[in-house]
Structure formats: structure tokens, C-alpha cells
Amino acid sequence: MRQQRWFPIAVLALSLFAINVVARLVIRIGFHGNDTAESRASVVMFSIIGLVLATVTFVQCQRVSVSRWLPDLAAAAVGGMLLTVLVGPFISGDTPFSGGAGNFFSQIWLYGAFAIVGTLLGYWIATALGRDYRSKSLRAYAKARTTRPRRVVGR
């Protein structure tokens, strides 16, 4: 089961949802009714989600090409977002649309923005350090081309 392509996607999506669950439980237990603390905890939650995605991107872009890890990461982020937006409110005793459509869509926009920025940050750091898959491939190609012995042409 762990060799299936969907397994890491599901694990990452559930991990992102677990971050949301912890944030919602902290808000419900410690800061229920305090809107300022709830807003700050939400921003911290989205920041942690962005950092997790940046870390996963940094690790994955060193191992495989972008065409392999980006769809998987996007699927996991969308799955985590859907769980966060549609299932997460039930943990704090609400419903998904209890705060209105504006609150619902602002959560989607914030989640998407932090996920995109986190992914780009992880990829840009790996690229700047020359540790991404493409940079490694180009470095290996250049090394192979320069270390080959020169072919002797017969007379």
C-alpha cells in the first residue's frame, strides 16, 4: 500500500488537515470567543501549512523532476484545503458556512495563497542552492561532457 502513488498524497493531505485540527482545538479550548486570538491562530496555522509545503517541496524537488512532484503536491494541498474548509469547522462546533460565504471563501484564498507561496519558497531555495533535480541533471551532463576522453580521428 505504501508503494501506491496516492499514499504519500493522502498522508500529506491528512498532515495538513491535522495542523488545522490542532489549531482549531487550541482556539476552541483556549481562546473561544476572542476574535483577535482566533485570527492570529489562523494566520499561524496557515503559516505552518506554508512551511510544511515549503519543506516537502525542498525535499521532493531534489529527488524527482517538477512534472512528477508538482501534481502530487497540488493534489495533497487541494485535499488538505477541502478537509480544512469543509470538515474542519465541525471540530470547532460550527458548520462550513456558519461565518458566511465571505469567511468561507477567505479561508480558501488564504489557504491557497500560503500553499502557493510555501511551495514557491521551497522550490526557489532549492534552485538557488543548485540542489533541484534539473540543476543536478545539468551538472552531471556538463561533467560527463568534460571528462570524456577526446576521440582520435584516424588518418
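Computed from a predicted model, the values in this text were never measured in an experiment.

Basis of the calculations
Residues numbered from 1 in each chain as written. Predicted model: local features only at pLDDT ≥ 70, side-chain atom pairs only at ≥ 80, totals over all residues. Heavy atoms only, no water. Helix = DSSP H or I, 4+ residues; strand = E, 2+ residues; numbered from the N terminus. Expected span 1.5 Å × (residues − 1). Buried < 20%, exposed > 50% of the residue type's maximum accessible area, 1.4 Å probe, protein only. Contact = heavy atoms within 4.5 Å. Phe/Tyr/Trp six-rings, centres within 6.5 Å; stacked < 30°, edge-to-face > 60°. Patch = residues over 30% accessible without salt bridge, like charges linked within 9 Å, V, L, I, M, F, W, Y side chains within 5 Å. Areas by Shrake-Rupley, 256 points an atom, 1.4 Å probe, with all protein chains shown as cover. Salt bridge = Lys/Arg side-chain N within 4 Å of Asp/Glu carboxyl O. Core = buried A, V, L, I, M, F, W, Y, C linked by side-chain atoms within 4.5 Å. pLDDT = per-residue confidence, 0-100. Axes fitted to C-alpha atoms, helices over the stretch in contact; angles between N-to-C directions. Left-handed = near helix turned anticlockwise from the far one by under 90°. Nonpolar A, V, L, I, M, F, W, Y, C, P; charged D, E, K, R; others polar.

J.: Give me the lowdown on helix H4 (residues 101-128), citing residues and values where you can.
T.: In this model, H4 (28 residues) spans 40 Å end to end at C-alpha, consistent with the 40 Å of a helix rising 1.5 Å per residue. Residues of H4 that are buried include every one of Phe-104, Gln-107, Tyr-111, Ala-115, Gly-118, Thr-119, Gly-122 and Ala-126, and no others. Against the buried residues of H4 lie helix H1 (6-30), helix H2 (35-63) and helix H3 (66-91). Gly-130 sits one or two positions beyond H4 and adopts a positive phi of about 70°.

J.: Please give an account of the packing of aromatic side chains that cites residues and values.
T.: In this description, a pair of aromatic rings is defined by centroid distance and the angle of the planes. For the structure on display, the rule yields six aromatic pairs. Between Phe-46 and Phe-114, the aromatic rings sit 5.9 Å apart at their centres with planes inclined by 20°, giving stacked as the arrangement. Placement of the pair is Phe-46 in helix H2 and Phe-114 in helix H4, with a sequence separation of 68 residues. Take Phe-114: its relative accessible area is 26%, and that puts it in the partly exposed class. An aromatic cluster is present here, built from Phe-46, Tyr-111 and Phe-114 joined pairwise through their rings.

J.: Describe a nonpolar patch on the surface, naming the residues involved and giving the relevant values.
T.: A surface patch of nonpolar side chains, amounting to about 300 Å² of accessible area, comprises Val-78, Leu-82, Leu-86 and Val-87. Relative to the helices and strands, Val-87 resides in helix H3. Residue Val-87 is classed as partly exposed on the basis of its relative accessible area of 37%.

J.: If you had to explain the nonpolar core to someone new, which residues and values would you point to?
T.: Generally speaking, soluble globular proteins have nonpolar side chains that are buried together. By size, the foremost hydrophobic cluster in this structure holds 20 residues, and its most contacted members are Leu-12, Leu-16, Met-45, Ile-49, Leu-53 and Tyr-111. Of all the elements in the fold, those that place two or more residues in this core are H1, H2, H3 and H4. No other element matches H3, which puts six residues into this core. Contact partners of Leu-53, with chain neighbours within four places excluded, come to Leu-12, Leu-16, Leu-73, Ala-77, Ala-115, Gly-118 and Thr-119.

J.: Can you lay out the confidence of the model for the chain for me, pointing to particular residues and giving the numbers?
T.: Scored by pLDDT, the chain has a mean of 89; 99% of the residues are at 70 or more. Mean pLDDT across the secondary structure elements of the chain bottoms out at helix H5 (residues 133-147), with 85, and peaks at H4, with 93.

J.: If you had to explain the packing of H2 against H4 to someone new, which residues and values would you point to?
T.: Running from N to C, H2 and H4 cross one another at 35°; their axes reach a closest spacing of 7 Å. Helix-helix and strand crossings are classified by hand; for H2 and H4 the assignment is right-handed. For the pair formed by H2 and H4, the contact residues are Phe-46, Ser-47, Ile-49, Gly-50, Leu-53, Ala-54, Thr-57, Phe-58 and Cys-61 on the first element and Gln-107, Leu-110, Tyr-111, Phe-114, Ala-115, Gly-118, Thr-119, Gly-122, Tyr-123, Ile-125 and Ala-126 on the second. The residue inventory of the contact of H2 with H4, partitioned by class, reads 13 nonpolar, seven polar and no charged.

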